[in-house]
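Topology and contacts: notes
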Amino acid sequence: MTDVLYDLPGPRARARNLVIAVLTTVGVVAVAAYVAYRLIATDQFSELRLTQFQYTAVQQELLNGLLATLKAAVIATALALVFGAVFAAARLSDHALIRVPATWVVELFRAIPLLILIFFFYYVPLQYKLHIDTLWALVLGLTLYNGSVLAEIFRAGILAVPRGQSEAAYAIGLRKTQVMVSVLLPQAVRAMLPAIVSQLVVLLKDTALGFIITYPELLYAAKQIGSRGSFDFPYVVSYLIVAAIYIGICSALSAFAYWLQKRMSRSRRTAARPVPIDQAAAAEAGGVGGVGA
Amino acid sequence: MNTFLHTLTDNGELFWRGFKTTIELFLISAIGSLVLGTLLAAARVSPVPILRAVGMTYVQVLRNTPLTLIFAFLVFAGPKLDIGLEYFPSACVALIAYTSAFICEVVRAGVNTVSPGQAEAARALGMTFPQVTGQIVLPQAFRSIVPPLMSVLIAMLKNTTIAAGFSVVEAGAIPQYMSERGENQFATLIWIVIGFLLLIAPLVTLQRTLERKWGVAR
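Per-chain numbering applies: the sequence of each chain, read as written, is numbered from 1 onward. Chain labels run from A onward and ligand labels from 1 onward, assigned in the order the entries are written. Totals for whole chains, interfaces and linings use all residues, but because this is a predicted model, local features are given only for residues with pLDDT of at least 70 and pairs of side-chain atoms are given and counted only at 80 or more. The side-chain numbers reported here are obtained from all heavy atoms of the structure, hydrogens and water having been left aside.

Looking at an unreviewed UniProt entry, one finds chain B named Amino acid ABC transporter permease, with Planosporangium mesophilum as its source organism. UniProt positions are given in the numbering used here, feature names are shortened, and annotations may be inferred rather than shown by experiment. Recorded in UniProt under Subcellular location (unreviewed entry), the annotation for chain B is "Cell membrane". Per its UniProt entry, chain B bears the Sequence similarities (unreviewed entry) comment "Belongs to the binding-protein-dependent transport system permease family. HisMQ subfamily."

Per an unreviewed UniProt entry, chain A goes by Amino acid ABC transporter permease and derives from Planosporangium mesophilum. You can read under Sequence similarities (unreviewed entry) in the UniProt record for chain A the words "Belongs to the binding-protein-dependent transport system permease family." Here is the UniProt Subcellular location (unreviewed entry) comment for chain A, exactly as written: "Cell membrane".

1. Things to note about the UniProt feature "domain: ABC transmembrane type-1" (unreviewed entry) in chain A
The UniProt entry lists residues 66-254 of chain A under the feature "domain: ABC transmembrane type-1" (unreviewed entry), expressed in the numbering used here. Helix numbering and strand numbering both begin at the N terminus, where a helix is a DSSP run of H or I of at least 4 residues and a strand a DSSP run of E of at least 2. Each end of residues 66-254 of chain A is marked by a C-alpha atom, and these two atoms are 19 Å apart; helix forms 80% of the span and strand 0%.

2. A few points about the UniProt feature "transmembrane region" (unreviewed entry) in chain B
Residue and element names in this part refer to chain B. The UniProt record annotates "transmembrane region" (unreviewed entry) at residues 25-43, 64-81, 87-107, 152-174 and 186-206. The span residues 87-107 is 100% helical and 0% strand by assignment, and the distance between its end C-alpha atoms comes to 30 Å. In the segment residues 152-174, helix accounts for 39% and strand for 0%; the C-alpha atoms at its two ends are 24 Å apart.

3. Topic: the interface of chain A and chain B
Listed per partner, the contact involves 65 residues of chain A and 64 residues of chain B. Only one rule defines a salt bridge in this text: a Lys or Arg side-chain nitrogen within 4 Å of an Asp or Glu carboxyl oxygen. On inspection of chain A and its partner chain B, the count reaches zero salt bridges. Polar contact criterion, stated in full: a pair of N or O atoms within 3.5 Å, where within protein one must be able to donate a hydrogen and the other to accept it, and residues adjacent in sequence count only if both atoms are side-chain atoms. The tally of links between chain A and chain B comes to five residue pairs in polar contact (both at pLDDT 80 or more). Among the secondary structure elements, those contributing two or more residues to the side of chain A that touches chain B are helix H1 (11-41), helix H4 (96-111), helix H5 (114-127), helix H8 (176-206), helix H9 (218-226), helix H10 (235-266) and helix H11 (277-284) of chain A. Contacts: residue pairs with any heavy atoms within 4.5 Å of one another.

4. Considering the UniProt feature "domain: ABC transmembrane type-1" (unreviewed entry) in chain B
Annotation from UniProt places "domain: ABC transmembrane type-1" (unreviewed entry) at residues 19-205 of chain B. A helix fraction of 79% and a strand fraction of 0% characterise residues 19-205 of chain B, whose end C-alpha atoms lie 20 Å from each other.

5. Observations regarding the packing of helix H2 (residues 12-44) of chain B against helix H7 (residues 129-159) of chain B
Residue and element names in this part refer to chain B. H7 packs onto H2 with a crossing angle of 140° between their chain directions and a minimal axis gap of 10 Å. The angle between H2 and H7 places the two elements in the oblique class. Crossing angle aside, the handedness with which H2 passes H7 is right-handed. On the side of H2, the interface is formed by Thr 22, Phe 26, Ser 29, Ala 30, Ser 33 and Leu 34, while H7 contributes Leu 149, Leu 153, Met 156 and Leu 157. Its residues assigned to classes, the contact of H2 with H7 comprises seven nonpolar, three polar and no charged. Where helices are involved, their axes are fitted lines through C-alpha atoms of the stretch in contact, as for all axes, and angles between N-to-C directions lie from 0 to 180°. Here the word oblique covers every angle except those under 35 degrees (roughly parallel), over 145 (roughly antiparallel) and from 65 to 115 (roughly perpendicular). Left-handed describes a crossing whose near helix is turned anticlockwise from the far helix through less than a right angle; right-handed describes the clockwise counterpart. Here the nonpolar group is Ala, Val, Leu, Ile, Met, Phe, Trp, Tyr, Cys and Pro; Asp, Glu, Lys and Arg are the charged ones; every other residue, Gly included, is treated as polar.

6. Let's talk about the confidence of the model for chain A
All names here are of chain A. With 92% of its residues at a pLDDT of at least 70, chain A reaches an overall mean of 83. One confidence number per residue, pLDDT, is output by the predictor and ranges from 0 to 100. Considering each helix and strand of chain A separately, the mean pLDDT is smallest for H11, with a value of 46, and largest for helix H7 (residues 163-171), with 91. Contacts from residues 279-293, a stretch scored under 50 in pLDDT, to residues over four places away or in other chains number 50 contacts.

7. Some details on the UniProt feature "transmembrane region" (unreviewed entry) in chain A
Residue and element names in this part refer to chain A. The feature "transmembrane region" (unreviewed entry), as given by UniProt, occupies residues 18-40, 72-92, 104-123, 135-158 and 236-260 in the numbering adopted here. Secondary structure within residues 18-40 divides into 100% helix and 0% strand; the distance between the first and last C-alpha atoms comes to 32 Å. Segment residues 236-260 splits into 100% helix and 0% strand. End C-alpha atoms: 36 Å apart.

See below:
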């Protein structure tokens, strides 16, 4: 679409584009220079501030943080996939008694801010003097929220398989379960895989909320390292390192999702149209399109 | 049930203050991220390669960074760089920086839903780039942009709770205060959920109405 918005530039347009390009470059350079100036003026990369990162103990601390992040993400992913599968099946049920409550549950958990969900498992047990590990408070919150979003993705995937497929399957005498397991699911999985992966990126990013309930994940480790006065508070460096780790992992996963989507759209092994990856992306920041969709 | 009601009525001023800050945070960040997001989208479809690259880099980086990290950077690392913002402006900046990346993507995706023939026809009439986008493409794209845009804004409303972890007294910070006052946490959280549902409901209703109204027009 982009390239049909304008004609091939003529001499005047080329001159104008050149001016814009130069201005942009100047702007970018100015911003970069300002950032660099701030970094240097406040001496963020001083010897003292960097020393800490050469210690194996500190490297280990960062690694432990990363492992804690990944641990929460992996457990929450596993639970959310189960939760999503169960509730997607319930939402597709023929019995209103199952379908309606499941719909309410899914819609509700998508509407509640994730942090508030996590607080339910953090503050409430705290009040009753029950000890619940911050890991589980985080994991349960992530599971309920992402499980609900996944339930919607699964449902969209199943519904994306053309009606003719299930009608044909019923016509040759398959049962409901058989239709689901041997006809709909194999095709739906291919259609929704990219959307699932991109939702998992969201989940991974959301583990950073563990910082707020003091779960010792990557961001928490960065804060610990950055807040050491004897090394002149190297917050900037420690956050830059952590940001690079997050961006690296998430970009790789997102790229994988896009690759899958590209591959799937060529695939002839499914009649279903791919579940749009951006639905998950919009779900992203928090609550899919809501509460609706 | 009585204690449940009293949890709200006894601490009315805290809930009021919290949700008022949430709404302020939401409105400022919504306007900010809509403006920045649209500008970024314009950069990403512009004929100038370097503008496109800037837009793409911004979106790639911000989309893959946890919002909590942006908050933490502004609040803890910011003062070390001598750009010490107050807590509330920091929260606005973090939300705007993060959300605008998603808004950019929504707007760009919306532009892509308009059939290329429309822009080609406009160009064939001799329209310039501002005319093609402003009069032909964007008005049509707007219809398909609004529903996902509302989704992003709803998500942002929910994300305002993260500011609670960074000393902004908004709705997400209420549990912490209530914990100090020894109030019932479960009731507190239920009231917060109700508050958010009340804030989200009009947005969802609007989204659905627009979707229904404009969905058919295409």
